[in-house]
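Structural characterization, general
One letter stands for each residue in the lines below.
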Amino acid sequence: MGNLRSSLPVVLDLSGRLVVAVGGGPVSARQVRAFLDEQAVVRVVAPWLCEDLRDLVAAGGVEWVERDYLGGSELDGAWLVHTASGEPSVDREVAADAEARRVWCIDATDEAASAAAVAARTDVTTPDGRVTIAAYAAGDPRAAVTVLDGVEQTIGSGALDLRRTRSLDGRGWVALVGGGPGTDGLLTVRGRELLASADVVVIDRLAPRAVVDRLPASVQVIDVGKTSGHHPVPQWRINEILIEQAQLGLGVVRLKGGDPYVLGRGGEERDACEAHGIPVEVVAGVTSAVSVPAAAGIPVTHRGVARGFSVVTGHEEIPVLPTGGDHTLVLLMAVGGLRWTTTLLMEHGRRADSPVAIIERGFAPDQRVTIGTVATIADLAVERGVEAPAVIVVGDVVRLSPEWRQRHTPTAP
């Protein structure tokens, strides 16, 4: 057997095929789990098993031959053999028996003498199927892992194009992706993977635009952004766009600001697509209701200050909300009706001196925070020319913000 400095990477279909693993330790356990992931039939030959292998046997996925390796007959019917017995002489015997039967054998304890090896690998699952990335460096598994880590980082950044060449056969998909509060850094890794797989991206006004600007020119970007009081593309038409594009056999990402299921109408879009038999994946985003206050130094809950919070947009909810300062109220899309909102809050029990913060353009370089009370914040907003997008926080947690402390810290004489 020669070493694997010169090697041919191959892909094996192990589904329904027997793999024999000799050895019951953690090294065997890791590979046995990988074989099971590929739907292989696995037999382990070992006098004892580590805890992970015992769990796999108990789950019914592995046959355990509870004894020492007794010779070549243990390999009968195998398509692939893995040996990591912990005894070099046994591993050499297993490898020799496998070669005599012309069965590939992975000797985990002696890569240089092994007829086969398992490359370091990672899987990326896209709506079109699984993409497996593997790296192999003969005799230097750390180098292979380093290369693989680099590829994973590239995938996570969205820089690696995962779009498949596909026929327009009507088998498209839709992913509802939360883009967070508009900054690329808060877009999830899964969101980036799906953007790297999409043929069409349907975006909101508050979606992270920089990541969209970096998409290949071949990706169609459809802007359905809404502003306060101006909805050029109504929701029913957005639903139709998602359906129409997916029915062309395309991968469609609906990229939203915040989270698609937090006042984002994602549920309606999912229902519309699934009613037409279109598969839908939902990727949660970092909601602005929590993250934007955090960017201003305001936690929506804090020990000894606030134990809960509510997120609302409509005024009809206000009469039934807790009124104490220890319950934080987060208002989204509420700048235009702020004066009416504060009047309702006071009418239904909120103290006039309850602290309020308005955070405009959260996470942007020109983020701005306006501090006041329920009684004063509407006038302050007019005076400062407050505009959407903004998140409004009502409650005692506002006192934890740097702006409140600066305004209310006594000046030294």
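The structure displayed is predicted, hence computed values, not measured ones. (Residues numbered from 1 in each chain as written. Predicted model: local features only at pLDDT ≥ 70, side-chain atom pairs only at ≥ 80, totals over all residues. Heavy atoms only, no water.)

1. Some points on the overall build of the protein chain
Worth spelling out the cut-off: Every helix listed is a DSSP run of H or I at least four residues long, and every strand listed is a run of E at least two residues long, numbered separately from the N terminus. The reference for a compact globule is 2.2 Å times residues^0.38; the radius of gyration itself is calculated from the C-alpha atoms. Think of it in three bands: with a 1.4 Å probe and only protein chains considered, a residue is buried below 20% of the maximum accessible area for its type, exposed above 50%, and partly exposed in between. Note on contacts: a residue pair qualifies if any of its non-hydrogen atoms lie within 4.5 Å across the two residues. Per-residue and other accessible areas follow the Shrake-Rupley method at a 1.4 Å probe size, with only the shown protein chains counted as cover for residues. In this tally, Lys and Arg are treated as positive and Asp and Glu as negative; His is ignored, and so are the chain termini. In plain terms, the charge of a residue is placed at NZ if it is Lys, CZ if Arg, CG if Asp and CD if Glu.
Looking only at helices and strands, the protein chain features twelve helices and 17 strands. Compactness check: the protein chain gives a C-alpha radius of gyration of 29 Å against a globular reference of 22 Å for 413 residues, more than 25% above the reference. By its C-alpha atoms, the protein chain is 90 × 55 × 40 Å across when sized along the principal axes. Taken over 413 residues, the protein chain has a buried fraction of 45%. For the protein chain, contacts bridging at least 24 residues in sequence account for 60% of all contacts bridging at least 6. About 20,800 Å² of surface is accessible on the protein chain, with carbon and sulfur atoms providing 53% of the total. Taken as two groups, the 39 positive and 52 negative side-chain charges of the protein chain have centres that lie 5 Å from each other.

2. Examining unusual backbone geometry
A cis amide bond links A388 to the next residue, P389, at an omega of 5 degrees. Looking at the element boundaries, P389 is found in the loop between α11 (377-384) and β17 (390-394). We note that Q39 has phi near 65 degrees; this positive angle belongs to a residue other than glycine. Along the polypeptide, Q39 turns up in the loop between α1 (26-37) and β2 (41-45). Exposure remark for Q39: the relative accessible area of 54% places this residue in the exposed category. In the Ramachandran plot, M333 falls in the positive-phi region, its phi being about 50 degrees despite a non-glycine side chain.

3. As for the UniProt feature "active site" (unreviewed entry) in the protein chain
As a reminder, the rule being used: UniProt positions are given in the numbering used here, feature names are shortened, and annotations may be inferred rather than shown by experiment.
The residues that UniProt annotates with the feature "active site" (unreviewed entry) are D204 and K226. Tracing the backbone through its elements, the reader meets D204 in the loop between β9 (200-203) and α6 (209-213). Beyond its immediate chain neighbours, meaning those up to four positions away, D204 contacts R209, V224, G225, R254, L255, K256 and G257.

4. With respect to the pairing of strand β3 (residues 62-65)
So the rule is basically this: The criterion for strand pairing is that DSSP finds at least two bridges linking the strands in question.
Taken together, the four bridges between β2 and β3 define a ladder with parallel strand orientation. What sits directly across from V44, in β3, is W64.

5. Describing the domain arrangement of the protein chain
For the record, the criterion: By convention here, the domain bounds are inherited from an automatic or database domain assignment.
By the assigned domains, the protein chain splits into domain 1 (18-118), domain 2 (121-157), domain 3 (173-286) and domain 4 (289-404). For domain 2 and domain 4, the distance between their C-alpha centroids amounts to 45 Å.

6. Here's the deal with the packing of aromatic side chains
Here is the rule: A pair of aromatic rings is counted whenever rings of Phe, Tyr or Trp (Trp by its six-membered ring) have centres within 6.5 Å, and the orientation is called stacked for planes under 30 degrees apart, edge-to-face for over 60 and tilted otherwise. In our convention, an over-ring charge means Lys NZ or Arg CZ found within 6 Å of a ring centre and within 35 degrees of that ring's normal.
The final tally for this structure, using the stated rule, is zero aromatic pairs. The lysine or arginine in question, R17, covers the ring of W79, its NZ or CZ lying 4.6 Å from the ring centre.

7. Section: a nonpolar patch on the surface
Note the threshold: Exposure above 30% relative accessible area and the lack of any salt bridge qualify a residue for a patch; like charges then connect within 9 Å, and the nonpolar side chains Val, Leu, Ile, Met, Phe, Trp and Tyr within 5 Å. We define a salt bridge as a side-chain nitrogen of Lys or Arg found within 4 Å of a carboxyl oxygen belonging to Asp or Glu.
Side chains of L8, V10 and L12 sit close together on the surface and give an oily, nonpolar patch of about 330 Å² of accessible area. Of note, L8 is situated in the segment before β1 (18-22). Residue L8 is classed as exposed on the basis of its relative accessible area, which comes to 69%.

8. Regarding the sheet that holds strand β11 (residues 251-256)
Condition: Here an angle of 0 to 180 degrees is reported between the N-to-C directions of two axes, which are lines fitted to C-alpha atoms, with helices fitted over the stretch in contact.
Taking strand neighbours across the sheet as the criterion, the five strands line up as β10-β9-β11-β8-β12 in an open arrangement whose pairing is parallel. Strands with a single pairing partner mark the edges of an open sheet, and in this sheet they are β10 (220-223) and β12 (280-283). Across the sheet, the axes of successive neighbouring strands diverge by a mean angle of 15 degrees, strand direction being ignored. Judged from the four bridges that link them, strand β8 (residues 173-178) and β12 form a sheet pairing that is parallel.

9. Describing the side chain of T342
Mapped onto the elements, T342 comes out in helix α10 (residues 338-347). Apart from the residues lying within four places of it in its own chain, the contact partners of T342 are V374, I377 and A378.

10. As for the environment of G150
Among the structural elements, G150 can be located in helix α4 (residues 141-157). Spatially, the C-alpha atom of G150 lies 33 Å from that of D55, the residues being 95 residues apart in sequence.

11. Observations regarding the packing of α10 against α11
The test is simple: Orientation labels follow simple angle bins: below 35 degrees gives roughly parallel, above 145 gives roughly antiparallel, 65 to 115 gives roughly perpendicular, and whatever is left gives oblique. The sense of a crossing depends on the near helix, which, turned anticlockwise from the far helix by less than a right angle, makes the crossing left-handed and, turned clockwise, makes it right-handed. Only Asp, Glu, Lys and Arg are considered charged in this grouping, and only Ala, Val, Leu, Ile, Met, Phe, Trp, Tyr, Cys and Pro are considered nonpolar; every other residue, Gly among them, is considered polar.
Viewed as axis vectors pointing N to C, α10 and α11 meet at an angle of 165 degrees, and their least axial separation amounts to 9 Å. Here α10 lies roughly antiparallel to α11, going by the angle between them. The chirality of how α10 crosses α11 is right-handed. Contacts between α10 and α11 pair L338, R339 and T342 from the former with I377, A378, D379, A381 and V382 from the latter. Along the lines of polarity and charge, the residues of the contact of α10 with α11 split into five nonpolar, one polar and two charged.

12. Some remarks on the state of the cysteines
Just so we agree on the cut-off: Cysteine sulfurs are considered disulfide-paired once they come within 2.5 Å of each other.
Using the criterion set out here, one finds zero disulfides in the structure. Of all cysteine sulfurs, the one in C105 lies closest to C50, which takes part in no disulfide; the gap is 19 Å. A relative accessible area of 13% means that C50 is categorised as buried.

13. Comments concerning helix α3 (residues 88-100)
The criterion, for reference: What a helix is expected to span follows from its residue count: subtract one and scale by 1.5 Å.
Helix length check: α3 (13 residues) gives 18 Å between terminal C-alpha atoms against 18 Å at 1.5 Å per residue, within 8%. On its buried side, α3 packs onto β1, β4 (80-83) and β5 (104-107). Phi turns positive, to about 55 degrees, at R102, one or two residues after α3.

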